Amino acid sequence: MSFNVIFFGPPAAGKGTQAKIMEAKYGLKQLSTGDMLRAQIAQGTDLGLQAKEIMDAGKLVSDEIVIGMIADNMEKNPKARGFIFDGFPRTHAQAEALGVMLKEKNAKIDLVLELQVDDTALLDRIKKRAVEEGRSDDTVEAMKVRLEQYRSYSAEVLPYYKVQGIVIAIDGMRPVDEVTMQLEAVLADDINS
Ligand code: ADP
C-alpha cells in the first residue's frame with residue numbers, strides 16, 4: 001500500500017524544506033506544484049510564460065494546469081512508496097481531482113499535516129528568502145496577496161480533509177529540526193500502521 005501525505009500551510013511555512021527531509025527519510029516523492037511551475041518558467045515554455053505573470057501577482061494558476069502537472073509527475077514516479085504533495089491541492093476542484101487520481105491507484109490521502117506559522121513570522125521569512133533566493137514573487141506586495149489567498153483557499157480545502165479526520169496541526173514556529181521531529185513523530189506512527 002502506498003502512503004500519501006499533503007503538506008499544507010501558508011507561503012514560507014517551511015513545507016518545501018520539511019518535504020525534502022521526509023522524502024529522503026521515508027522514500028516518499030515530493031511533488032511541489034510551485035517548483036514545477038518555476039521549472040517551466042526557467043525552461044521558457046508557453047505554460048511557464050502564462051504562469052509567471054499570475055505567480056508574480058501572488059494569484060493562483062488555473063486548476064487545469066496544476067492538476068495536469070501533478071498527473072504527469074505521478075505517472076513519472078510509478079515506483080515511489082507514496083507522495084508528499086506540497087502546495088497542492090489549493091482548491092476544492094484540485095482536492096477532488098487528486099482523490100480521483102489516487103483512487104485509480106487504489107490509494108488515498110492518508111494524512112494532511114498543517115504547518116501553522118503566524119503572519120509576522122512569515123513576512124520576516126519572505127524578506128530573508130527574497131535576499132537569499134531572489135524569487136520574483138517574494139515581494140511584500142505579492143506576499144500580502146499570497147497570504148490573503150491562503151486564508152481563502154485553506155478555508156476551502158482544509159474542511160474537505162477535516163471531515164475525514166486526517167488533518168494534524170504542526171507548530172511551524174519552532175526551529176527547523178524541532179518541526180522535523182514533530183512531523184516524524186506523526187509520520188512514523190502512521191506510515192507503518
Ligand atoms: P508559496 O507557498 O511559498 O507561495 P509555492 O512555490 O507553493 O509558494 O507557489 C508559488 C506560486 O505558484 C503560487 O503563488 C501560485 O501562483 C502558484 N501555484 C503553486 N501551486 C499552485 C496550485 N496548486 N494551484 C494554483 N496555483 C499554484
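Computed from a prediction, not measured in an experiment: that's the story for all the values here.

Structural notes on the site of the ligand
Okay, so step 1: Lining the immediate surroundings of the ligand are 20 residues, of which Thr33, Arg38, Lys59, Arg90 and Gln94 lie closest.
Okay, so step 2: One nitrogen or oxygen atom from the main chain of valine 61 is found 3.0 Å from a nitrogen atom belonging to the ligand.
Okay, so step 3: The separation between an oxygen atom of the ligand and a polar side-chain atom of arginine 135 is 3.2 Å.
Okay, so step 4: The protein chains hide 97% of the 550 Å² of surface that the ligand would expose on its own.
Okay, so step 5: If one sorts the elements of the shell around the ligand by residue count, helix α2 (residues 33-43) sits on top with four residues.

Some remarks on the packing of aromatic side chains
Geometry of an aromatic ring pair is reported as the spacing of the ring centres plus the angle between the planes.
Okay, so step 1: Per the counting criterion, the structure on display carries six aromatic pairs.
Okay, so step 2: Between phenylalanine 83 and phenylalanine 85, the ring centres sit 5.8 Å apart and the planes meet at 45°, which makes this aromatic pair tilted.
Okay, so step 3: Ring geometry for tyrosine 150 and tyrosine 153: centres 5.4 Å apart, planes at 85°, overall edge-to-face. Here tyrosine 150 pairs with tyrosine 153, and both are found in helix α7 (residues 140-162), just three residues apart, close to one helical turn.
Okay, so step 4: A relative accessible area of 5% places tyrosine 153 in the buried class.

Cut-off values and rules
- Residue numbers here run from 1 along each chain, matching the order of that chain's written sequence.
- Per-residue local features of the predicted model are confined to residues with pLDDT of at least 70, and side-chain atom pairs are confined, for both listing and counting, to 80 or more; whole-chain, interface and lining totals are unaffected and use all residues.
- Hydrogens and water molecules were not included; the side-chain quantities draw on all heavy atoms of the structure.
- Throughout, the term near means that a residue has one or more heavy atoms lying within 4 Å of the molecule or strand in question.
- Pairs of N or O atoms are called polar contacts if they sit within 3.5 Å, as long as, within protein, a hydrogen donor faces a hydrogen acceptor (for residues adjacent in sequence, only side-chain-to-side-chain pairs).
- Only the protein chains shown count as covering a residue, and every accessible area follows the Shrake-Rupley method with a 1.4 Å probe.
- Only DSSP runs of H or I with at least four residues qualify as helices, and only runs of E with at least two residues qualify as strands; both kinds are numbered from the N terminus onward.
- Geometry of aromatic contacts follows a simple scheme: Phe, Tyr and Trp rings, the Trp one being its six-membered ring, pair when their centres are within 6.5 Å, and the pair is stacked under 30 degrees between planes, edge-to-face over 60, tilted otherwise.
- Relative accessible area decides the class of each residue, using a 1.4 Å probe on protein chains only: under 20% of the type maximum gives buried, over 50% gives exposed, and in between gives partly exposed.

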